[in-house]
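Below are the chains, spelled out letter by letter.
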Amino acid sequence: MMAQVMRRARSARRITDSLRLREGALWQGAARIAVVLPLAALVFAVTILVIKARPAIIVNGWGFLTRSKFDLGQSYATTVNHIHGVAVPVGASYGAGALIAGTLESSAIAVIIAVPISIGAAFALTERMPRWVSQPLGFFVELLAGVPSVLFGLWGILTLGPFLATHIYPTIANNVPNVPVLDFFRGSSGHGEGLITTGLVLALMIVPIITATTRDLFSQVPALPKEGGEALGMTDWEVARRVTLPWVRTGIIGATVLGLGRAIGETIAVAMVSGSLLASVAPNVYGTFGTLAAAIVTQLDSASTDGTGFAVSTLAELGLILAIISVGVNLLARLVISRSSRLGAPVGRA
Amino acid sequence: MSALPGTGRRRFIAIGFRVGTYLALSLIMGPVIWLVTGIISRAVPHFSWSVLTHPTAGESGGLENAIIGTLLLMLGVLVIAGGIGILAGLHLAEFAKPRKSGKESGHLLRTASDVLSGFPSIVLGYVGYVALVLGLHWNFSLLAAWIILSIMVIPYIAKSTETALRQVPTAYREGAEALGMPAGYALRKVTLKTALPGIVTGLLIALAIACGETAPLIYTAGAFADSPVSVSLTHHPVPYLTFLVYGFYTLPENASHYLAYDAGLILVVLVLLLLVSARLIVNRTQHYSEGRR
Amino acid sequence: MTGSTRLARLIVALTATLAVGVAGSLAVATAAGAKAKAKAPKGAVEKPSAGTVTETGSSLMYPLFNLWAGGYSTKYSSVTVSTASTGSGTGLADAANGTVAIGASDAYLAPSALTTTPTLLNIPLAISSQLAAYNIPGVTAHLVLSGKVLSSIYQGKITTWNDAAIASLNPSVTLPSIPIVTLHRADGSGDTFLWSTFLSDADPSGWGKTIGFNTTISWPNAPGALGETGNSGMLAGCKATTGCIAYIGISYLTQALQAGLGYAALVNGKGQTVLPTPKSIATEAAGFTRKTPPNGTISMIYGKIKGGYPIVNYEYAIVNSSQTSSSTAQDIRSLLEWIVNAKDGNSPSILNQVNFQALPASIVTASLKQIKTIQ
């Protein structure tokens, strides 16, 4: 009896011992499978996109990138055209020119507004502020990153847009000097939807990411040159200009491009504040327009009314263009940041 | 504060710079406060606790089903993306062996993860719609939403796990080996345990991102505000808070607008809870870790 | 095992099999009998099983569908009807995809959709109409507008309210010289379908030839044109924009009036100027009743009907007649039968709240016939 118990205990311990020895291999195996999954998901997504977009790419051609049109065609016609073997409704014609322009315009405005503000705020948070102030304020900025984009859109369309349209925009539009180049700033402001409101909302959304990256970069600047500059009597601004900024210049470019990538991919807030047009470029800075992301989100559910499937295919093409632009910008940013961080090999830091 | 130069242009510029930086900070704070108070001031007058206990019915009602739906979505993301993301980060930090050339391995996989994090969310939503909802005939479903949200969020979790693991001092790992611990045991009891706060922070932030998403969910979980919550993985749309904000602010009834604001309020509270918890964890570990100020 | 044990076991097994077989067939028989009993006599509403019926689509029909959902669920609490206002385009697409049980649409099915999914039905549920609404301060009377004038406005050819073309139709009204801001639907919309059909029919050589009609169309560049989402987006946008013109469904008439918008009397196919009243809408619909085919596909817009308002349409439920689950099919049939019943869903007490008109009796019969084919 005793021998049986002892035998059972020994074999149990042998099992747990061998399991414990194997545990490392288990973790390693599971981890190896897990790390491949993002790559697999990426390949899957791109494959689906390319397969779905292929008919549209064949029919729409290169002119797709410069034309501005979104015509589902005569779904109610009794016949269907066949172009290069692809079934297309009569009169269907698509062009993403206005959407690409709108995406780039609104993101550019967002970046132009957000970058100086983010850098300034990063300075305010890292230099010369007592910790009990800079920590909560810094956390506040991080909180901004977590606010859902629908709420930004809601605020833009209910509060910010109308406020700016009634108080600020008419003042600007009426007082802009009569120079042709500045015609872009003249126009009726409607009830707040438009290019510049979208740019402002996007700017607020990308500020956290630029500020956070800039703060990290600032913390990597070695103390020695900065303190040396101060010892020589330089002011904060001169230290910033001659020591900090040159040191992090490439990194800030990277952070900017990162923010640009976020602005390009933003969907819901833009759909709510831009006016969601599909084939028009904003005629002036207050005008309504559309972006690639907003077009996809507003049109996808009704695109299936096109029984030939061509509209859904064109949306895949839009998605592909958006993905290429967005991923390209993102990769560029990370390349630049990683290069600059390595350059930040500090002198005199322990 | 550095002493200001006594006179002239330098003094002016120095003051201007300081004012400028604080102005920049206030240009961020101001709109944020405006936004949050705007949501709160619109939501609170019409908020009653019954909003939390009644489901949405047509154009009005409550938010019970949307809240449960959002939590259900987050739970799935926690399990799926959390599990996969942590393991992926683990691989990148611990198991990616340096190649003979001395360069770090795992470069392709890390780049793929970075690329995925820059992938526009609506395009992932499109892929989910076309491949899962329509292609596999799952219809609007919990599973499709879980998969797409997880794909979006795994890169963040992997990155934060990798960072957290890399910060574990080598001394800990060497000590574990010196004590004769088997590799897996040391991994679990020493490395992961030490990195846990960082990992959990990453998870909380990822959950905050997931609960705030709208565009990909519209095409995977569906666009039905008054759908009852069901645990069936497919063929049943899922209600969630962000759609209530997006879909209801355009409806004509005032009751619908109030629901939209209330949903916004609950979202703000939810995100606040997640991010504050994350920050508290970071502060506590800095408090107790080495090199404490 | 002894021989007697084996025999006993055999007898038990045979008895058990027999019992199961009898019980099974009894169950099947009662179920079939129950199903047969559930097939209610003509005109009455079928009893549903339990489940959820999902509906999405037309923002024009949305207020009404919510009333229907509420009324139906009070009577048959085992079914949850879940509604959404996403635009007829989505209703058509989702019903075709199978992602929703009922797609609500102001537009009938396109031939291309039927080619892809031949089992789709468009079932008329009620009769609705559309307003040409405007926001012109100082103008309180109903303006007279014609399809040709509206076509020119939306093409950007007429840009101010005091244009000669508008003034000639409204000699007794002082029109201000403010610019016209055209509003259109950015989402796939049945209202766009109705409006563009009207403009195509009234201006065949212009709009009809170059732009045509659809749930999403390529809008010409009129100065300051705005895209809005949903009927309520059109309403809110028009309220906030002086000089706007917008097409809004008649279910939003009360809100439009509260918002201070006016609506026009349109010129119909007979050249008469008609306001959208219950009488004029019913007249137009009556003129098309006999011409309506059994599948319900017909446009009632710009008919040559004396005293008829030119923009009138059937509100359709887009349903796939072959459903994956027979219990869902049963619930859908039950709901739709309740809706077209003149005492339940089609009763004036419900329809009047949204200014819709009830289906004529012959159309109800045709709809019921279509509903029965949903399996």
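Residues numbered from 1 in each chain as written. Chains lettered and ligands numbered in written order. Predicted model: local features only at pLDDT ≥ 70, side-chain atom pairs only at ≥ 80, totals over all residues. Heavy atoms only, no water.

Residue and element names in this part refer to chain B. With respect to the helices, strands and loops of the structure, arginine 110 is situated in helix α4 (residues 107-117). Owing to a relative accessible area of 18%, arginine 110 belongs among the buried residues under this scheme. At a separation of 3.0 Å, a polar atom in the side chain of arginine 110 contacts the side chain of glutamate 162. (Helix = DSSP H or I, 4+ residues; strand = E, 2+ residues; numbered from the N terminus. Buried < 20%, exposed > 50% of the residue type's maximum accessible area, 1.4 Å probe, protein only. Polar contact = N/O pair within 3.5 Å; in protein donor to acceptor, adjacent residues only side chain to side chain.)

Before going further, it helps to examine the packing of aromatic side chains. Residue and element names in this part refer to chain C. The tally for this structure, following the rule as stated, stands at 32 aromatic pairs over all chains. Here phenylalanine 193 and phenylalanine 213 contribute two aromatic rings whose centre-to-centre distance is 5.7 Å and whose plane-to-plane angle is 75 degrees, an arrangement assigned as edge-to-face. Placement of phenylalanine 193 in helix α7 (residues 190-202) and of phenylalanine 213 in the loop between α8 (207-210) and β7 (226-228) is noted, with a sequence separation of 20 residues between them. Using a relative accessible area of 3% as the deciding quantity, one classes phenylalanine 193 as buried. Looking at phenylalanine 213, the relative accessible area reads 24%, which means it is partly exposed. One aromatic cluster is present, built from ring pairs that chain together Tyr154, Trp195, Phe198, Trp207, Trp219, Tyr247 and Tyr302. (Phe/Tyr/Trp six-rings, centres within 6.5 Å; stacked < 30°, edge-to-face > 60°.)

Here the focus is the pairing of strand β8 (residues 244-249) of chain C. Note on strand geometry: in a regular strand, side chains alternate between the two faces of the sheet. Residue and element names in this part refer to chain C. For β8, the buried fraction is high: 6 of the 6 residues fall into the buried class. Neither face of β8 is open: one carries Cys244, Ala246 and Ile248, the other Ile245, Tyr247 and Gly249, and all of them are buried. Relative to β8, strand β4 (residues 120-134) runs antiparallel, the two sharing 5 bridges. Paired with glutamine 130 across the bridge in β8 is glycine 249. Two elements, strand β6 (residues 181-185) and β8, share 2 bridges in a ladder whose sense is parallel. Along β8, the bridge assignment pairs valine 181 with cysteine 244. (Pairing = 2+ DSSP bridges.)

Now for the interface of chain A and chain C. Each partner contributes to the interface: chain A provides 23 residues, whereas chain C provides 34 residues. Ranking the residues of chain A by area buried against chain C places A:Tyr76, A:His191 and A:Thr305 at the top, with a combined share of 32%. On inspection of chain A and its partner chain C, the count reaches 0 salt bridges. Taken together, chain A and chain C are joined by 5 residue pairs in polar contact (both at pLDDT 80 or more). Only β1 (68-71) and α9 (292-303) of chain A provide two or more residues apiece to the side of chain A that touches chain C. Here the residues of the side of chain A that touches chain C sort into 5 nonpolar, 14 polar and 4 charged. (Contact = heavy atoms within 4.5 Å. Buried area = accessible area lost by both parts, 1.4 Å probe. Salt bridge = Lys/Arg side-chain N within 4 Å of Asp/Glu carboxyl O. Nonpolar A, V, L, I, M, F, W, Y, C, P; charged D, E, K, R; others polar.)

Residues and elements named next belong to chain C. By domain assignment, chain C separates into domain 1 (3-126 + 318-371) and domain 2 (130-284). Every contact between the two is made by 16 residues of domain 1 and, on the other side, 21 residues of domain 2. Taking both partners together, domain 1 and domain 2 bury about 1200 Å²; carbon and sulfur atoms supply 58% of that area. On the domain 1 side of the contact with domain 2, Leu60, Asn355 and Gln357 bury the most area, a combined 38% of that side's loss. In this structure, the connection of domain 1 to domain 2 is made through 0 salt bridges. There are 9 residue pairs in polar contact (both at pLDDT 80 or more) connecting domain 1 and domain 2. Residues belonging to the side of domain 1 that touches domain 2 are distributed by class as follows: 7 nonpolar, 8 polar and 1 charged. (Domains from an automatic or database assignment.)

Here the focus is the packing of helix α2 (residues 97-126) of chain A against helix α1 (residues 8-43) of chain B. Remark: α2(A) packs on α1(B), axes separated minimally by 7 Å, with the N-to-C direction vectors making an angle of 110 degrees. Taken together, α2(A) and α1(B) sit at an angle that is classed as roughly perpendicular. Residues A:Ile117, A:Gly120, A:Ala121, A:Phe123, A:Ala124 and A:Leu125 of α2(A) form the contact with α1(B), whose own contacting residues are B:Phe17, B:Thr21, B:Tyr22, B:Ala24, B:Leu25, B:Leu27 and B:Ile28. A breakdown of the residues in the contact of α2(A) with α1(B) according to their chemical character gives 11 nonpolar, 2 polar and no charged. (Axes fitted to C-alpha atoms, helices over the stretch in contact; angles between N-to-C directions. Parallel < 35°, antiparallel > 145°, perpendicular 65-115°, else oblique.)

Our focus in this paragraph is the interface of chain A and chain B. At the interface, 89 residues of chain A touch 81 residues of chain B. Surface buried jointly by chain A and chain B totals about 7400 Å² across both partners, of which 79% is contributed by carbon and sulfur atoms. Taken together, the links from chain A to chain B amount to 4 salt bridges. One salt bridge in this structure joins A:Glu23 and B:Arg188, with 2.6 Å as the shortest N-O distance. Viewed at the interface, chain B and chain A are joined by 10 residue pairs in polar contact (both at pLDDT 80 or more).

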